[in-house]
Every structure is written in C-alpha cells, then in structure tokens.
Amino acid sequence: MKIEKNKVVSIAYELQSTDSAGKKKSIEKVDKDHPMVFLFGSSGLPEKFEESLDGMKEGDTFDFIVESDEAYGDIEKEAIVKIPVDTFKVDGKFDIKNFPIGKLVPMSDQDGNMLRGKVLEVTADAIKMDFNHPLAGMDLYFTGKVINIREATQDEISHGHVHGPDGHHH
C-alpha cells in the first residue's frame, strides 16, 4: 500500500531547524513506538510536507526540507502584541507568577477562535505576547521512516481526522 489521499499514515521522524548561527538543532523526535498518525490529505499539516511523503510505502525512509514560506510562514510582527494586564486580572488581582516568560497562554480572539500566545515580556501595565505559530520563520528538516499505512474508515474520512483504536477521539 502506498501513501495517498484518505490513507491513515504512521511515521517516526526527527524534526530539525537551524539556529541563528546556521547549525541544525533538534526540535522534536517521534519514535516508532509512539508514531505520528494522520489522515493523509486532511491532516492540516503543510502541503509541502504531505507532497514529500506522497507515494511512499511502508518501510520507506525520508529526508526532506519544508522551507518556512511553505511551512508556517514568516514571523508576522502584527502577531506580537501588548495586552493590558487588566485582561488577566481575577477578582481584581493580577498574579504575575502565572505568566512566566515563555509560557503558552490559551486565549480567544473577538470571534471566539482559540489562540495560544507565548509570553515574551511582563510589565506593570501589559503582557507582550507572540501569537505566531511556534515554527513560523523556520525551515523544517524532516528525516524519518514510514511505519504503517492503512485504509481510513468512512467515519475518519467524513470527520477529516484519524480516530483512536477504541473509537472516536478529539
């Protein structure tokens, strides 16, 4: 069986990027015992990522790059904002301990869309947060192996995602 639209694909991989000095650094490792499993063609992953795996078979290895403009885009300065501390007060109080630098804070925009902001700076008046994707601005280097390919169920196809071994999971 080969990787194509509406197949459930399991892969083990290492994701790397380059640091400011141009040296590769590991971002994530996913082993064969706990592979990444996704519905090919509906994964929400960058299109270039899926294109690079298209047609591979179980046991095939891969080594490819997804450049930042085809991955999660460049860092957008407009996505780095200062939010008044008053927004985060509970019962009229602001607890700075809940906002360490680097923490990802779940939030929603004015339309109710869920976002995650990374705390960059905290002052007496505002919290500076970055709402860019954590991999924005990075070229992504993938090496790995195709562990398994199977037919997706009709439920998986209609829902647009893989269901767990014991049924429907979100």
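Look up: the structure comes first, before these words.
Residues numbered from 1 in each chain as written. Predicted model: local features only at pLDDT ≥ 70, side-chain atom pairs only at ≥ 80, totals over all residues. Heavy atoms only, no water.

K.L.:
What is the right way to look at a negative patch on the surface in this model?
P.N.:
A cluster of acidic side chains, namely Glu47, Glu51, Asp54, Glu67, Asp69, Glu70, Asp74, Glu76 and Glu78, defines a negative patch on the protein surface. Note that Glu70 resides in the loop between β4 (61-66) and β5 (80-84). (Patch = residues over 30% accessible without salt bridge, like charges linked within 9 Å, V, L, I, M, F, W, Y side chains within 5 Å. Areas by Shrake-Rupley, 256 points an atom, 1.4 Å probe, with all protein chains shown as cover. Salt bridge = Lys/Arg side-chain N within 4 Å of Asp/Glu carboxyl O. Lys, Arg positive; Asp, Glu negative; His and termini not counted. Charge placed at Lys NZ, Arg CZ, Asp CG, Glu CD. Helix = DSSP H or I, 4+ residues; strand = E, 2+ residues; numbered from the N terminus.)

K.L.:
It is not clear to me how the nonpolar core should be interpreted in this structure. Could you clarify?
P.N.:
The tendency in soluble globular proteins is for nonpolar side chains to be buried side by side. In terms of nonpolar packing, the biggest core is built from 21 residues, with Ile11, Phe49, Leu53, Phe62 and Phe142 touching the most fellow members. Those elements giving two or more residues to this core turn out to be β1 (7-18), β3 (36-39), α1 (47-53), β4 and β9 (140-151). Within the second largest apolar cluster, 8 residues are counted, among which are Ile83, Phe99, Met107 and Met129. (Core = buried A, V, L, I, M, F, W, Y, C linked by side-chain atoms within 4.5 Å. Buried < 20%, exposed > 50% of the residue type's maximum accessible area, 1.4 Å probe, protein only.)

K.L.:
Help me understand the environment of Tyr72, please; the structure alone is not making it clear to me.
P.N.:
The residue Tyr72 is located in the loop between β4 and β5 in this model. Residue classification places Tyr72 among the partly exposed residues on the basis of a relative accessible area of 28%. Along the chain, Tyr72 and Leu135 lie 63 residues apart, while their C-alpha atoms are 6.2 Å from each other. Not counting the four nearest positions on each side in its chain, Tyr72 is found in contact with Leu45, Pro46, His133, Leu135, Ala136 and Leu140. (Contact = heavy atoms within 4.5 Å.)

K.L.:
So what exactly am I meant to see when it comes to the sheet that holds strand β7 (residues 114-122) here?
P.N.:
Through backbone hydrogen bonds, the strands of a sheet pair up, either in parallel or in antiparallel fashion. As summarised here, the arrangement of the 4 strands in space is β5-β8-β7-β6, forming an open sheet in which the pairing is antiparallel. Each edge of the open sheet carries a strand with a single partner, namely β5 and β6 (104-108). Here the average twist between neighbouring strands, direction ignored, is 45°. Where β6 and β7 come together, 5 bridges link them in antiparallel fashion. Bridging across to β7, Val105 finds its partner in Gly117. (Pairing = 2+ DSSP bridges. Axes fitted to C-alpha atoms, helices over the stretch in contact; angles between N-to-C directions.)

K.L.:
Is there a simple way to think about the layout of surface pockets in this case?
P.N.:
To find the voids left in a structure, one rolls a probe of water-molecule size over its atoms. The calculated volume of the largest pocket comes to roughly 290 Å³. What lines the largest pocket is a set of 14 residues, among which Lys118, Asp130, Asn132, His133 and Pro134 lie closest to the centre. It is β7 that contributes the most residues to the lining of the largest pocket, 4 residues altogether. Residue composition of the lining of the largest pocket, grouped by class: 8 nonpolar, 3 polar and 3 charged. (1 Å grid on protein atoms, 1.4 Å probe; cavity = no way out; pocket = protein on both sides within 12 Å on 5 of 7 lines; lining within 4 Å. Points joined across faces, edges and corners; volume = space filled by probe spheres on them. Nonpolar A, V, L, I, M, F, W, Y, C, P; charged D, E, K, R; others polar.)

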